[in-house]
Amino acid sequence: MQTAANDLGRFLPAFLRERSVSHPAKPLGDEQWSLRGALLFVDIVDFTRQVDRLVARGPQGVELANELLNDTIGALVAELVASGGDVAVFAGDALFVLWPAFEDEADMAAAIARAARGALGALERATENADPQRPQLRFSLGAGTFTAHRVGGHAGRWHVLLSGPAFEQVGRADALAVNNALLASPEAQMLAAGCLQGETMERGLMRVRATLVSTMRARTEPGPVSTADLEAHVPEAVLNRSRSSSRQALAEFRNPSVIFARLPDLLSEGQLDGARARQACRILQTIVAELDGSELQFVIDDKGPVFILAFGLSTRVHEDDPARAAMAALRIVNELSAQGIACGVGVATGRVFCGLIGAVQRCNYTLIGRTMNLAARLMQHAAPGPLFDAHTHELSRSRIDFADEGEVQVKGLDLPVLHYRALAVREANTLEMERDSDDGMVGRVRELDVLRTQVDALERDRRGAVVAVVGEAGIGKTRLVRALMSAAGAASIACLVAAAGTIEAAPHARWRPALNALLTLRRDKRATDEDRLALDPYLLSFLGQSREVIPDTDDEERAYRTREAIARLVIDTSRHVPLLLCVEDTHWMDSLS
């Protein structure tokens, strides 16, 4: 399934396109509006497991996964849209479909009946197919008044959340749902005014067997929506592909780090607190933008309000995406908590299917696989603090301090999973790195000789040099540097480390620990002597230790004086103490550094 710039309308629900068409001159912004109708929740049972089995097949599984999506969800969406439904939310392997109604009660009853008829028709066709591998379907039906909230706005990105008591209704019904059946809530039965037929079950639910469909007032298809309005709501991965000339299909496997953030405080009696939702959304959008991740969805589903983020998608791929996700999760919890907004955050890393889900009439960009399910389940166990799967922990533990929480059994997975609670971002070791010996190193004799020669020259002749260790990731650069520092330490050479990273936004951020260590070294060597260079006001201000007011200078002058103070400090120290300064991952440093 491919997309073009003039075909973005199918990524938006009809109720949102109608809003844009009816208010063409109104600029996008925070707003809310009301609508009424029937809400059908569709749960596609064990669909994620089937996708996971295709993921395990490697690259050839992409085509098979695409076929499964089209045969199952694509056919289902096409049928429900043809019966008058509007897919309001794609929630992984589930759907929330809306049948809007006008203000009169007769039209509400007709909307409920049409929704039930669409579900029963889909069930009939699903049961006609005797394939035991075909996913089972569960339908839950609710009805009432809804409120739509447009929130966000960071970098022109907007999300629309639909809330109302019907979401709680279908959630209660789904808890008792059975395969290949439609359950209607008591509220939907009452508003249907006798249009639903079936047998009563516990908690007042009805297993619907048939409908009496009355005439429903005709609804016109919304006209064309402006490109700007479409692009403000369409997923970034779709926009990037639609703007390119490659016309490449979106279906692919990736290994992102995924964050699910549940925000229960935003809902009260089924209604969304618009002001708090806007506040939370902007905090989340700011965090993901600063760490260069991707916004996937902000929706209300059977778990409540959930914001889904990912690191490692499309053009936003970095070698430290798991660490970025871990830092984002910690910031989400801390910054939302500071505003009195409770949240549960789950993070998982692994292979997922990325692609379009739905039909020609209505579709969405989505991620499906065990990783998504695991992140969602960890989210439900998370408060307080974010929880992480073992893979994310393994890939980010050099940057994040974790507590081992043992195993937990999560819904949808056969075996318990190890999980970890993030505590804080770890400061780089500023005085030394872990000093492994070079014992057992193979094929690095020439490189080790070069490094040892430089250490000998520094120790014997106090002659400095710059050595660059360059190569692809994973070939052993860090091991070589550790061998260098081990040899330097044995020769009583002071070792300092500036470990550059990709998730520090502040200029010079990774020089601060090394410079603080340098000041400690100078104090140890000079005893009680006053250290004029170490008291430079620009240096102390940079390190957050200023003892006096800095003269009023512009940014360029301040940056120049700070760089000069740092250079004088390093050069002067090296005249008195043999010094090895190791800067790791210089390609991640900001331009000022």
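The rules behind each value
Counting from 1, residues in each chain are numbered in the order their sequence is written. Two thresholds apply to this predicted model, a pLDDT of at least 70 for residue-level local features and 80 or more for giving and counting side-chain atom pairs, whereas whole-chain, interface and lining totals are computed over all residues. Think of the side-chain values as coming from all heavy atoms in the structure, minus any hydrogens and water. In DSSP terms, a helix is any run of H or I states spanning at least four residues, a strand is any run of E spanning at least two, and both are numbered starting from the N terminus. Partly exposed describes any residue whose relative accessible area lies between the buried limit of under 20% and the exposed limit of over 50%, with all areas from a 1.4 Å probe on protein chains only and scaled to the type maximum. Any two residues having at least one pair of non-hydrogen atoms within 4.5 Å are treated as being in contact. Each accessible area value is a Shrake-Rupley result obtained with a 1.4 Å probe; residue values ignore everything except the protein chains displayed when judging cover. Note on aromatic pairs: the rings of Phe, Tyr and Trp (six-membered ring only in Trp) are paired at centre separations within 6.5 Å, and the planes decide the class, stacked below 30 degrees, edge-to-face beyond 60, tilted for the rest. Only when DSSP finds a minimum of two bridges between them are two strands counted as paired. Only C-alpha atoms enter the line fits that serve as axes; for helices the fit covers just the stretch in contact. Angles between N-to-C directions range over 0 to 180 degrees. Every angle not falling under 35 degrees, over 145, or within 65 to 115 is termed oblique; those three ranges are roughly parallel, roughly antiparallel and roughly perpendicular. Left-handed describes a crossing whose near helix is turned anticlockwise from the far helix by less than a right angle; the clockwise case is right-handed. Polar here means any residue other than Ala, Val, Leu, Ile, Met, Phe, Trp, Tyr, Cys and Pro, which are nonpolar, and Asp, Glu, Lys and Arg, which are charged; Gly is therefore polar. Each cavity reported here is a set of points on a 1 Å grid over the protein atoms alone in which a 1.4 Å probe fits but cannot get out, each pocket an open set with protein on both sides within 12 Å along at least five of seven lines, and each lining residue one with an atom within 4 Å of a point. Grid points are joined across faces, edges and corners, and a volume is the space filled by probe spheres set on the points. Only one rule defines a salt bridge in this text: a Lys or Arg side-chain nitrogen within 4 Å of an Asp or Glu carboxyl oxygen. Helix span, expected: 1.5 Å multiplied by one less than the number of residues in the helix.

Asks: Is there a simple way to think about the overall build of the chain in this case?
Replies: In terms of regular secondary structure, the chain is built from 17 helices and 22 strands. Taking all 593 residues of the chain together, the buried fraction comes to 52%. Expressed as a percentage of contacts within the chain between residues at least 6 apart in sequence, the contacts between residues at least 24 apart total 72%. For the chain, the exposed surface amounts to about 27,100 Å²; the carbon and sulfur share of it is 49%.

Asks: What is the right way to read the packing of aromatic side chains from this model?
Replies: Think of a pair of aromatic rings as described by two things: how far the centres are apart, and how the planes are tilted against each other in angle. Applying the stated criterion to the full structure yields seven aromatic pairs. Look at phenylalanine 298 and phenylalanine 307: their rings are 4.9 Å apart centre to centre, the planes differ by 40°, and that puts the pair in the tilted class. Under the relative-accessibility criterion, phenylalanine 298 is labelled buried at 2%. In this structure an aromatic cluster arises from ring pairing among Phe41, Phe96, Phe146 and Phe167.

Asks: What am I meant to see in the environment of valine 583 here?
Replies: Within the fold, valine 583 resides in strand β22 (residues 579-584). Along the primary structure valine 583 and alanine 514 are separated by 69 residues, whereas in three dimensions their C-alpha atoms are 9.6 Å apart.

Asks: Any chance you could explain the sheet that holds strand β16 (residues 352-358) here in plain terms?
Replies: Working definition: the strands of a sheet are paired by backbone hydrogen bonds and lie parallel or antiparallel to each other. Spatially, the three strands line up as an open sheet ordered β9-β16-β17, and their pairing is antiparallel. The two strands at the open ends of the sheet, each matched to only one other strand, are β9 (252-254) and β17 (363-368). Each adjacent strand pair in this sheet contributes to an overall mean axis angle of 30°, direction not counted.

Asks: Where do I start with the packing of helix α13 (residues 445-461) against helix α14 (residues 477-490) in this structure?
Replies: Packed helices, taken two at a time, are described by their axes: the angle between them and the distance between them. Here α13 crosses α14 at 30°, and the two axes come no closer than 10 Å. It follows from the interaxial angle that α13 and α14 lie roughly parallel. The handedness of the crossing between α13 and α14 comes out as right-handed. Along the contact surface, α13 presents Glu447, Leu448, Leu451 and Val455, while α14 presents Leu480, Ala483, Leu484, Ala487 and Ala488. Across the contact of α13 with α14, the residue classes break down as eight nonpolar, no polar and one charged.

Asks: I keep staring at the sheet that holds strand β20 (residues 417-425) and nothing clicks. Help me out?
Replies: Strand order in the open sheet formed by seven strands is β13-β14-β10-β15-β18-β20-β19, and the pairing between neighbours is mixed. Whereas interior strands pair on both sides, the edge strands pair on one side only; in this sheet they are β13 (294-301) and β19 (400-408). The mean angle between the axes of side-by-side strands here comes to 25°, regardless of whether they run parallel or antiparallel. Alignment of β19 against β20, held across seven bridges, turns out to be antiparallel. Following the sheet pairing, phenylalanine 402 is matched in β20 by alanine 422. Seen against the sheet, helix α10 (residues 321-338) touches β10 (257-262), β14 (304-311), β15 (344-349), β18 (387-389), β19 and β20 and runs at an angle of roughly 10° to β10.

Asks: What am I meant to see in empty space enclosed by the protein here?
Replies: Here the idea is plain: a probe the size of a water molecule rolls over the atoms and shows the empty space left. With the rule as written, the count across this model stands at four cavities of 30 Å³ or more. Considering only enclosed or pocket space, the largest cavity measures out at about 370 Å³ in volume. As for the largest cavity, its lining consists of 23 residues, of which Phe11, His159, Val160, His233 and Val299 are closest to the centre. Elements that contribute at least two residues to the lining of the largest cavity include exactly α1 (14-22), β2 (86-91), β5 (158-163) and β13. Each residue belonging to the lining of the largest cavity can be placed in one class, and the counts come to 16 nonpolar, four polar and three charged. The calculated volume of the second largest cavity comes to roughly 70 Å³. As for the second largest cavity, its lining consists of Pro235, Glu236, Ala237, Asn240, Ser294, Glu295, Leu296, Leu313, Ser314 and Tyr365. Listing elements by their share of the lining of the second largest cavity, those giving two or more residues are α8 (236-243) and β13. Residue classes in the lining of the second largest cavity are distributed as five nonpolar, three polar and two charged.

Asks: Teacher, can you tell me more about the pattern of salt bridges here?
Replies: Should their charged atoms come close, side chains of opposite charge can pair. By the definition in use, this model includes 16 salt bridges. Taking the shortest distance from any N to any O, the salt bridge between arginine 331 and glutamate 335 comes out at 2.9 Å. Residue arginine 331 and its partner glutamate 335 are both found in helix α10; the two are separated by four residues, about one turn of the helix. Each of Arg19, Glu31 and Arg150 takes part in a single network of salt bridges with overlapping partners.

Asks: Please explain the packing of helix α9 (residues 274-290) against α10 as it appears in this structure.
Replies: Contact geometry of α9 with α10 gives a least axis separation of 10 Å together with a crossing angle of 150°. In terms of axis orientation, α9 runs roughly antiparallel to α10. α10 is crossed by α9, and the crossing has right-handed handedness. Contact residues: Ala280, Ile283, Leu284, Ile287 and Glu290 in α9; Ala328, Arg331, Ile332, Glu335 and Leu336 in α10. When its residues are assigned to classes, the contact of α9 with α10 shows seven nonpolar, no polar and three charged.

Asks: How do you make sense of unusual backbone geometry when you look at a structure like this?
Replies: What you tend to see is this: most non-glycine residues have negative phi, and most peptide bonds are trans. A positive phi angle, near 55°, is found at alanine 193, a position not held by glycine. Using a relative accessible area of 61% as the deciding quantity, one classes alanine 193 as exposed. Unlike most non-glycine residues, aspartate 292 shows phi in positive territory, near 60°. By secondary structure assignment, the location of aspartate 292 is in the loop between α9 and β13. A residue is classified by how much of its surface remains accessible, and aspartate 292, at 25% relative accessible area, is partly exposed.

Asks: Can you walk me through the pairing of β20 in this structure?
Replies: Here is the key point about a regular strand: its side chains alternate between the two faces of the sheet. Sheet analysis places β18 next to β20, joined by three bridges and oriented antiparallel. Paired with leucine 387 across the two strands is arginine 421, which belongs to β20.

Asks: So what exactly am I meant to see when it comes to the layout of surface pockets here?
Replies: Empty space within the second largest pocket amounts to approximately 1,000 Å³. Contributing to the lining of the second largest pocket are 42 residues, with Thr48, Asp93, Lys303, Asn373 and Arg377 lying nearest its centre. At the level of elements, β1 (31-45), α2 (47-55), α5 (165-175), β13, β14, β17 and α11 (370-381) are the ones that each hand at least two residues to the lining of the second largest pocket.

Asks: Sorry if this is basic, but what is going on with α11 here?
Replies: An α-helix turns once every 3.6 residues. As a result, residues three or four positions apart point the same way. A rise of 1.5 Å per residue sets the reference length of α11, with its twelve residues, at 16 Å; its end C-alpha atoms lie 17 Å apart and thus fit the reference within 8%. Counting buried positions along α11 gives nine out of twelve residues, so the element sits mostly inside the fold.

Asks: Explain the pairing of strand β4 (residues 136-152) here, please?
Replies: Of all the 17 residues making up β4, 14 are buried; the element is thus mostly covered by neighbouring parts of the structure. By the bridge criterion, 15 bridges tie β1 to β4 in an arrangement that is antiparallel. Counted as the bridge partner of phenylalanine 41 is serine 140 from β4. Of the strand pairs in this sheet, β4 and strand β6 (residues 181-184) are connected by four bridges, and their pairing is parallel.

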